[in-house]
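# Understanding the architecture of this molecule
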Amino acid sequence: MIFTNINKSKLPNIKILHIHIVPKNIENIRIQEYAPSIFKEFIPSKSGIKKAIKKELFLVNGQTALTGTWVNSEQIIELIDDPSNKPKVFEYNLEVVFEDEHIAVINKPPGITVSGNSFKTIFNALPFNLKESTEADKLFKPTPVHRLDNQTSGILLVAKTKTAQIELGNQFRNKTIQKKYCAIVVGKVAKNSTINTPIENKIAETSFEIIEVVKSLKYNELSFLKVSPKTGRTHQIRIHLASIFHPILGDKLYGNAEKIHKGKGLFLAATEITFLHPKTTTTINFKIAIPNKFNSLLIREKRRWNSYNN
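Residues numbered from 1 in each chain as written. Predicted model: local features only at pLDDT ≥ 70, side-chain atom pairs only at ≥ 80, totals over all residues. Heavy atoms only, no water.

## Structural notes on the environment of K24
Mapping K24 onto the fold places it in the loop between β1 (16-21) and β2 (29-30). Taking the C-alpha atoms as reference points, K24 and P247, separated by 223 residues in sequence, lie 47 Å from one another. (Helix = DSSP H or I, 4+ residues; strand = E, 2+ residues; numbered from the N terminus.)

What follows is the structure, given as structure tokens:
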């Protein structure tokens, strides 16, 4: 189907995936360079953007865009749904903690990546688990607004509308979203503290509170912590706890290879989040239970220690 010089009133079945108004002070940039950062939730790669332009799926002020089309302030750029392109849906059951027309909160299992080039991601599983929003600005697919490492489990916040995506993104940038994690680390942590060591020359802050310290035959001692990151650098909690010589149990990247707890994964889980609802602006708090493997490990280590020493 060719949409050149399209008149949308004559094509009532055409579906617009996203409308973008070019902000002021944008000039001297072609659409193939401008579009990747704007439409990445729909087309994650630059090569995909070029293919979409060649398929005539981009309109600029109602006219079909070419690869050489210049982008200027206040233009309206629209992305048309490719009728031959079916969304990738990974049929994988997720625990949905909360859902409405605007957002969702899921309990991410360990061992699965949030998003990326792989098919088996949380992003591709969301349409299988969530209801389609009825809002006018619904996203093409529900989209996570932050990340958890592959091996980290727990609360993941998802936007279902463009408004929610923008507003929650602003809250993360302004550091007004509060997240809490639980972690089991190797060794006896002496006191509650805050770590301010920069990560990749960027400000990073992580506070933690000691919940319990148990004796262990293999690790001498293990500490169960409640962790509150104030910033969101990649691998921040893992890097910060390893920096004070208390790596998270099961951390193959930052921990001691001789003390890896094989077969049980990483003992880090996001268990609580507080934020403002992007539509109602009311404060919302969600908590989930600590994963069973945490309590099971602590009980087993204490039992083994007591059996050995009695």
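Let us keep going from here.
## Focus: the pattern of salt bridges
If you walk through the whole model with that rule in mind, you get eight salt bridges. For the salt bridge of E132 with K138, the shortest nitrogen-to-oxygen distance reads 2.2 Å. In this structure, a network of salt bridges that share partners links the residues D149, R238 and D251. (Salt bridge = Lys/Arg side-chain N within 4 Å of Asp/Glu carboxyl O.)

## Some remarks on the packing of aromatic side chains
Tallied over the entire structure, the rule returns seven aromatic pairs. Ring-pair connections join several aromatic residues into one group, and the members of that group are F90, Y92 and F119. Of note, K293 hangs over the ring of F267, and the distance from its end group to the ring centre comes to 4.6 Å. (Phe/Tyr/Trp six-rings, centres within 6.5 Å; stacked < 30°, edge-to-face > 60°. Lys NZ or Arg CZ within 6 Å of the ring centre and 35° of its normal.)

## A few points about the pairing of strand β8 (residues 103-108)
Counting buried residues in β8 gives six out of six residues, a clear majority hidden from the surface. Relative to β8, strand β7 (residues 95-99) runs antiparallel, the two being bridged by four bridges. Of the residues in β8, the one forming a bridge with F98 is V105. Linkage of β7 to β8, two consecutive antiparallel strands, is achieved through a turn of three residues. (Buried < 20%, exposed > 50% of the residue type's maximum accessible area, 1.4 Å probe, protein only. Pairing = 2+ DSSP bridges.)

## Thoughts on the nonpolar core
One finds I184, L241, I248 and L249 to be the most contacted residues of the largest nonpolar core, which totals 40 residues. The leading source of residues in this core is strand β11 (residues 178-186), at six residues. Core analysis: the second largest hydrophobic core is formed by 20 residues, A35, L59, I77 and I80 among them. (Core = buried A, V, L, I, M, F, W, Y, C linked by side-chain atoms within 4.5 Å.)

## Thoughts on the sheet that holds strand β3 (residues 58-60)
Taken in spatial order, the four strands of this open sheet run β1-β6-β3-β4, and their pairing is antiparallel. Here the strands that pair on one side only, and so sit at the sheet edges, are β1 and β4 (63-64). Sheet topology places β3 next to strand β6 (residues 76-80); three bridges connect them, and they run antiparallel. When the bridges of β6 are listed, V60 appears paired with I77.

## Examining the layout of surface pockets
In this structure, the second largest pocket encloses a volume near 450 Å³. Lining the second largest pocket are 21 residues, and of these E132, K138, L139, F140 and K141 sit closest to its centre. Those elements giving two or more residues to the lining of the second largest pocket turn out to be β1 and β9 (138-144). At five residues, the largest contribution of residues to the lining of the second largest pocket is made by β9. Here the lining of the second largest pocket is composed, by residue class, of 11 nonpolar, two polar and eight charged. (1 Å grid on protein atoms, 1.4 Å probe; cavity = no way out; pocket = protein on both sides within 12 Å on 5 of 7 lines; lining within 4 Å. Points joined across faces, edges and corners; volume = space filled by probe spheres on them. Nonpolar A, V, L, I, M, F, W, Y, C, P; charged D, E, K, R; others polar.)

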